[in-house]
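Residue-level structure breakdown
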Amino acid sequence: MEDKISIIEGNFLEIDISEASIIYVFLLPKALEALRQKFIEAFQLGRLKRIVSTLYDMPFEEFHQEENTEFGFFTYTLK
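Residues numbered from 1 in each chain as written. Predicted model: local features only at pLDDT ≥ 70, side-chain atom pairs only at ≥ 80, totals over all residues. Heavy atoms only, no water.

1. Observations concerning the overall build of the protein
Counting its regular elements, the protein contains 1 helix and 4 strands. Reading the helices (α) and strands (β) of the protein from amino to carboxyl end gives β-α-β-β-β. The dimensions of the protein, computed from C-alpha atoms along their principal axes, are 30 × 25 × 25 Å. The buried share of the protein, taken over its 79 residues, is 30%. For the protein, the share of sequence-separated contacts (at least 6 apart) that also reach a separation of at least 24 residues comes to 44%. Carbon together with sulfur atoms contributes 53% to the accessible area of the protein, which is approximately 5800 Å² in total. If the 8 positive side-chain charges of the protein are averaged to one point and the 14 negative ones to another, these points end up 4 Å apart. (Helix = DSSP H or I, 4+ residues; strand = E, 2+ residues; numbered from the N terminus. Buried < 20%, exposed > 50% of the residue type's maximum accessible area, 1.4 Å probe, protein only. Contact = heavy atoms within 4.5 Å. Areas by Shrake-Rupley, 256 points an atom, 1.4 Å probe, with all protein chains shown as cover. Lys, Arg positive; Asp, Glu negative; His and termini not counted. Charge placed at Lys NZ, Arg CZ, Asp CG, Glu CD.)

2. Some thoughts on a nonpolar patch on the surface
Where nonpolar side chains cluster on the molecular surface, the patch consists of Tyr24, Phe26 and Leu55 and spans about 380 Å² of accessible area. A relative accessible area of 52% means that Leu55 is categorised as exposed. (Patch = residues over 30% accessible without salt bridge, like charges linked within 9 Å, V, L, I, M, F, W, Y side chains within 5 Å. Salt bridge = Lys/Arg side-chain N within 4 Å of Asp/Glu carboxyl O.)

3. Examining the pattern of salt bridges
Between side chains of opposite charge, a pair can form as their charged atoms come close. Applying the stated criterion across every chain, the model contains 4 salt bridges. Salt-bridge contacts for Glu19 lead to Arg47; the nearest nitrogen and oxygen are separated by 3.9 Å. You can see Glu19 sitting in the segment before strand S1 (22-25) and its partner Arg47 sitting in the loop between helix H1 (29-45) and strand S2 (50-54), a full 28 residues away along the chain. Owing to a relative accessible area of 58%, Glu19 belongs among the exposed residues under this scheme. Ionic pairing is found between Arg36 and Glu33, a salt bridge with its closest N-O pair at 3.5 Å. Placement of the pair is Arg36 and Glu33 together in helix H1, with a separation of 3 residues, close to one helical turn.

4. Focus: the nonpolar core
Of all hydrophobic cores here, the largest spans 18 residues; its most connected members are Ile23, Phe39, Ile51, Met58 and Phe63. Where this core is concerned, the elements lending two or more residues are S1, H1 and strand S4 (73-78). (Core = buried A, V, L, I, M, F, W, Y, C linked by side-chain atoms within 4.5 Å.)

5. Focus: the side chain of Lys38
Along the chain, the position of Lys38 falls in helix H1. Of the side chains bearing the opposite charge, Asp16 lies closest to the buried Lys38, which forms no salt bridge; the N-O distance is 6.7 Å. Not counting residues up to four positions away in its chain, the partners in contact with Lys38 are Phe12, Leu13, Glu14, Ile15 and Ile17.

This is the structure we're talking about:
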């Protein structure tokens, strides 16, 4: 799996996510809001297929939410 997974640490506002197919975040709602447009742009590029958010949901109208409350996370795709 090492050739299929990359873990990148850094300032999320500055990292290029254009090559990501799945993004996993553990962020507070304010940080998720700050990344909203960046997520939308990544989805529109076509490579990003899903965002997984642990603990906090992202109630943004642009996303379709698949709630997985049994496991405590939410997954999102672009509408």
